[in-house]
Amino acid sequence: MGLLAVLDEAVAALKAPLGEDDRVQGWTDDLRREVQEEISINRSALRRHGAGILRHLRPRFDEWMEHEGVQPGRLRDLVDDVQRSLVEARTTT
């Protein structure tokens, strides 16, 4: 799956209302919106400026999730995948 597809998938999932499992894992509506917004900003920058912008993106979603106490689960997996994909794209570009 391409980088933009990973970002699109994460944004779509984070726009949807939280389920009970998500809340148990530590997600709040505010956190969901903030993470979705940050991923959307990265996605928009990539679409507007191309792969050259990747060297300026410094995703720290793992640290953010740890700080917020978010437990493993479907949304955390998506966010981790976004970070991994951004880092991999930056190193291969």
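Residues numbered from 1 in each chain as written. Predicted model: local features only at pLDDT ≥ 70, side-chain atom pairs only at ≥ 80, totals over all residues. Heavy atoms only, no water.

Draft legend 1. A look at the pattern of salt bridges. Under the counting rule described, the total for this entry stands at eight salt bridges. Close ionic contact of Arg47 with Asp8 constitutes a salt bridge, the shortest N to O distance being 2.9 Å. Here the residue Arg47 occupies a position in helix α3 (residues 29-49), and Asp8 occupies one in helix α1 (residues 3-15), the gap between them amounting to 39 residues. Residues joined in a network through salt bridges with shared partners are Asp8, Arg43 and Arg47. (Salt bridge = Lys/Arg side-chain N within 4 Å of Asp/Glu carboxyl O. Helix = DSSP H or I, 4+ residues; strand = E, 2+ residues; numbered from the N terminus.)

Draft legend 2. Expanded view of the side chain of Asn42. Tracing the backbone shows Asn42 in helix α3. On the basis of relative accessibility, which here comes to 7%, the residue Asn42 falls in the buried class. Here Asn42 is in contact with Leu57, Phe61 and Leu86, once residues within four sequence places are set aside. (Buried < 20%, exposed > 50% of the residue type's maximum accessible area, 1.4 Å probe, protein only. Contact = heavy atoms within 4.5 Å.)

Draft legend 3. View of the packing of α1 against helix α5 (residues 74-92). Contact geometry for α1 and α5: axes closest at 10 Å, N-to-C directions at 155°. With respect to each other, α1 and α5 are oriented roughly antiparallel. α1 and α5 meet at a crossing whose hand is left-handed. Where α1 abuts α5, its residues Leu3, Val6, Leu7, Glu9, Ala10, Ala13 and Leu14 lie against Arg74, Leu75, Leu78, Val79, Asp81, Val82, Ser85, Leu86 and Ala89. Among the residues making up the contact of α1 with α5, the classes are represented as twelve nonpolar, one polar and three charged. (Axes fitted to C-alpha atoms, helices over the stretch in contact; angles between N-to-C directions. Parallel < 35°, antiparallel > 145°, perpendicular 65-115°, else oblique. Left-handed = near helix turned anticlockwise from the far one by under 90°. Nonpolar A, V, L, I, M, F, W, Y, C, P; charged D, E, K, R; others polar.)

Draft legend 4. Region of the structure containing α3. Helix length check: α3 (21 residues) gives 30 Å between terminal C-alpha atoms against 30 Å at 1.5 Å per residue, within 8%. What α3 keeps buried is the set Leu31, Arg32, Val35, Gln36, Ile39, Ser40, Asn42, Arg43, Ala45 and Leu46. Check the buried side of α3 and you find it contacts α1, α4 (61-68) and α5. Positive phi shows up at Gly50, right after α3, with a value of about 80°. (Expected span 1.5 Å × (residues − 1).)

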